[in-house]
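The lines below spell out each chain.
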Amino acid sequence: MAEGRDVLTPPEALAAIAAYGIPVAPVRLAGAPIDVGDAASDMLRESPALALKLVSPDVGYKSDVGGVVLDLATRQAAEVAAVEMAARVRRKAPEARLAGFALQPMILRPQAQELVLGVTHDPAFGPVIRFGAGGLAAELLGDTAVALPPLDAGLAATLVGRTRVARMLAGFRGRPPADMAALHAALVAVSNMIEDFPALRALDVNPLLADAAGVIALDARIEIDAADLDRAPPNPRLAIRPYPAAWRREAALKDGTYAIRPILPLDALLYPEFFARLDAEDMRMRFMAPRKHFSDEMALRLTQLDYDRDMAFVALTPEGALAGVSRIAGDPDRDSAEYALLVRSDLAGRGIGAALMQTLIDYARADGVRRLEGMVLSENRAMRRLIGRFGFTIEPMPDEPGVVMSRLAL
């Protein structure tokens, strides 16, 4: 940005995505054709052939102006290719600035599928992740799907599955399936970059090769916006609030150290054991009516949240089992939020409820909620003692016999 650029060079863009765990092909930047020759001499000691690519902030698709030459096996061939490429660019795109040339070793993975990963901005929804078939025919094929960040591995798999190229990635005619875990990780990495950098305006990784050995990015383009350079993450333009990882905590309790963190969709797998260890009376106190069965669908609803409106914190035992949950559901204007708390019956008395309630209060206050409130059964003495320690007021509810309203001003 200090240089007045809003487009990263290919080495810079590849270094950025590599920092987020996406494997990339090595690349060296050269200025004049003679510099291309010097770089080629060094690189040909380790690679039998090289690829030469144009570097220009004004050219989006290098192949349109003859900006890619492959299979260069000598220094002289690389220099000649650079001279001819510069001439082609001056002829086909005279207004384009020539910033130099990028050299890469030829990556020979004949069974790999060419893919594209991208980021664009939608006027209504903000950053959008794009995935599909890549390479020279990417636009012609039109095989792409989009998703809103943030992504996890499951959402990345869903995005991939909405494209036709997904069937090819699954393997066909003797070609082994691609490493889907590596592909999903690359999509999650792009999602993480969007969360962390509000200044990221556009990203294009094309091609991304995917085969049974994993994925590797051969080229990348990143555009940035000076107006957002100093904005702190998470990206405020996200349509979906990202997972609030900063709220992870540890609580030293009577029987060990418990992890307290915001709930995740995968925590639905912990709920069956959690419900199984709740006695009937604790069930009645929490849900204000007897309950015997909780469906898988309910576990999903309890764990898949819009973090902008709702929040839930889980307490995990030192062994990783679900010990307790606290949650709030807020009004859009943050005037008030309803809270709830539940601790596993066989773990009562260890301080789990107090740790979860304190975390919930701290989060609500930091999020601008002005008041917490919740209904409690009058006979629920344990809950009334707990919230009394935190300064909640308790008022009778004339229309709800046996129930009191608890409130805490923040």
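Rules behind the numbers
Residues numbered from 1 in each chain as written. Predicted model: local features only at pLDDT ≥ 70, side-chain atom pairs only at ≥ 80, totals over all residues. Heavy atoms only, no water. Helix = DSSP H or I, 4+ residues; strand = E, 2+ residues; numbered from the N terminus. Rg over C-alpha atoms; globule rule 2.2 N^0.38 Å. Buried < 20%, exposed > 50% of the residue type's maximum accessible area, 1.4 Å probe, protein only. Contact = heavy atoms within 4.5 Å. Areas by Shrake-Rupley, 256 points an atom, 1.4 Å probe, with all protein chains shown as cover. Lys, Arg positive; Asp, Glu negative; His and termini not counted. Charge placed at Lys NZ, Arg CZ, Asp CG, Glu CD. Pairing = 2+ DSSP bridges. Axes fitted to C-alpha atoms, helices over the stretch in contact; angles between N-to-C directions. Salt bridge = Lys/Arg side-chain N within 4 Å of Asp/Glu carboxyl O. Phe/Tyr/Trp six-rings, centres within 6.5 Å; stacked < 30°, edge-to-face > 60°.

Undergrad: Even after reading the chapter, I still don't get the overall build of the protein, so can you show me in this structure?
TA: Per the secondary structure count, the protein includes twelve helices and 18 strands. The C-alpha radius of gyration computed for the protein amounts to 28 Å, which surpasses the reference 22 Å derived for 410 residues by more than 25%, pointing to a less compact arrangement than a globule. If you line up the protein on its principal axes, its C-alpha atoms span 90 × 50 × 40 Å. Every one of the 410 residues in the protein was classed for burial, and the buried ones make up 47%. Across the protein, the fraction of contacts at a sequence separation of at least 24, relative to all contacts at a separation of at least 6, is 65%. Carbon and sulfur atoms make up 54% of the accessible area of the protein, which totals about 20,300 Å². Computed over 46 positive and 53 negative side-chain charges, the separation of the two mean positions in the protein equals 2 Å.

Undergrad: How should I be thinking about unusual backbone geometry in this particular structure?
TA: Leave glycine aside and you will find that most residues have negative phi; peptide bonds, for their part, are mostly trans. Cis geometry marks the peptide bond from N206 to P207; its omega dihedral reads 5°. In this structure, the amide linkage connecting P233 to the following residue, P234, adopts the cis form with an omega of 5°. Within the fold, P234 resides in the loop between strand 10 (220-224) and strand 11 (249-253). Its identity as a non-glycine residue notwithstanding, D71 has a phi of 60°, on the positive side. The class for D71 is exposed, based on a relative accessible area of 53%. Its identity is not glycine, yet R334 carries a phi of approximately 65°, on the positive side. Assignment of secondary structure puts R334 in the loop between strand 14 (322-330) and strand 15 (337-343).

Undergrad: How should I be thinking about the side chain of D267 in this particular structure?
TA: Residue position: D267 is located in the loop between strand 12 (256-262) and helix 8 (271-276). For D267, a relative accessible area of 4% puts it in the buried group.

Undergrad: Help me out: how do you make sense of the sheet that holds strand 16 (residues 371-377) in this one?
TA: The strands making up a sheet associate through backbone hydrogen bonding, with each pair oriented either parallel or antiparallel. Taking strand neighbours across the sheet as the criterion, the eight strands line up as 11-12-13-14-15-16-18-17 in an open arrangement whose pairing is mixed. Two strands close off the open sheet at either side, each with one partner strand: strand 11 and strand 17 (393-396). Here the strands of the sheet are splayed against their neighbours by 25° on average, with no regard to which way each runs. Pairing of strand 16 with strand 18 (residues 403-409), which is carried by seven bridges, proceeds in the antiparallel orientation. Bridged to V376 within strand 18 is V404.

Undergrad: Mind showing me how you'd approach the pairing of strand 13 (residues 310-316) here?
TA: Each regular strand carries side chains that alternate between the two faces of the sheet. Of all seven residues in strand 13, six are buried; the element is thus mostly enclosed. As judged from the four bridges shared by strand 12 and strand 13, these two strands associate in the antiparallel manner. Note that in strand 13 the partner of P262 across the bridge is F313. Bridge count for strand 13 against strand 14 is seven bridges, and the pairing is antiparallel.

Undergrad: Even after reading the chapter, I still don't get the pairing of strand 5 (residues 113-122), so can you show me in this structure?
TA: Pairing between strand 5 and strand 8 (residues 200-211): six bridges, direction antiparallel. By the bridge assignment for strand 8, E114 is matched with L209. Examined bridge by bridge, strand 5 and strand 6 (residues 126-133) share eight bridges and lie antiparallel to one another. From the neighbouring strand, T120 faces strand 6, where its bridge partner is V128. What sits between strand 5 and strand 6 in their antiparallel hairpin is a turn of three residues.

Undergrad: For this particular structure, what's the right way to read the sheet that holds strand 4 (residues 100-105)?
TA: Strand order in this open sheet of four strands is 1-4-2-3, and the pairing throughout is antiparallel. This sheet does not close on itself; its edge strands, each paired only once, are strand 1 (28-30) and strand 3 (68-72). Averaged over all adjacent pairs, the angle separating strand axes in this sheet is 25°, with direction ignored. Pairing analysis gives three bridges linking strand 1 to strand 4, with the strands arranged antiparallel. Bridge assignment links L29 to a residue of strand 4, and that residue is A102. Packed on one face of the sheet, helix 2 (residues 33-43) meets strand 1, strand 2 (50-55) and strand 4 and runs near 15° to strand 4.

Undergrad: Would you mind showing me how to read the pattern of salt bridges here?
TA: Counted according to the given criterion, the structure contains 31 salt bridges. Linking E79 and R75 is a salt bridge whose minimum nitrogen-to-oxygen distance equals 3.0 Å. In this pair, E79 and R75 both sit in helix 3 (residues 75-92), four residues apart, roughly one turn of the helix. A cluster of three or more residues bridged by salt bridges with shared partners is formed by D335, R370, R371, E373, E395 and R407.

Undergrad: Help me understand the environment of L356 in this model?
TA: Looking at where L356 falls in the secondary structure, it is placed in helix 11 (residues 352-366). Placed 30 residues apart in sequence, L356 and S326 show a C-alpha to C-alpha distance of 5.9 Å. Apart from residues no more than four positions distant in its own chain, L356 is found in contact with I260, F313, V314, A315, G324, V325, S326 and L341.

Undergrad: Just to check I follow, could you spell out the packing of aromatic side chains for this structure?
TA: Geometry of an aromatic ring pair is reported as the spacing of the ring centres plus the angle between the planes. According to the stated counting rule, one finds nine aromatic pairs in the structure shown. An angle of 50° between the planes, with centres 6.0 Å apart, marks the rings of F274 and F275 as tilted. By relative accessible area, F275 is classed as buried at 11%. One aromatic cluster in this structure is built from W247, F313 and Y363.

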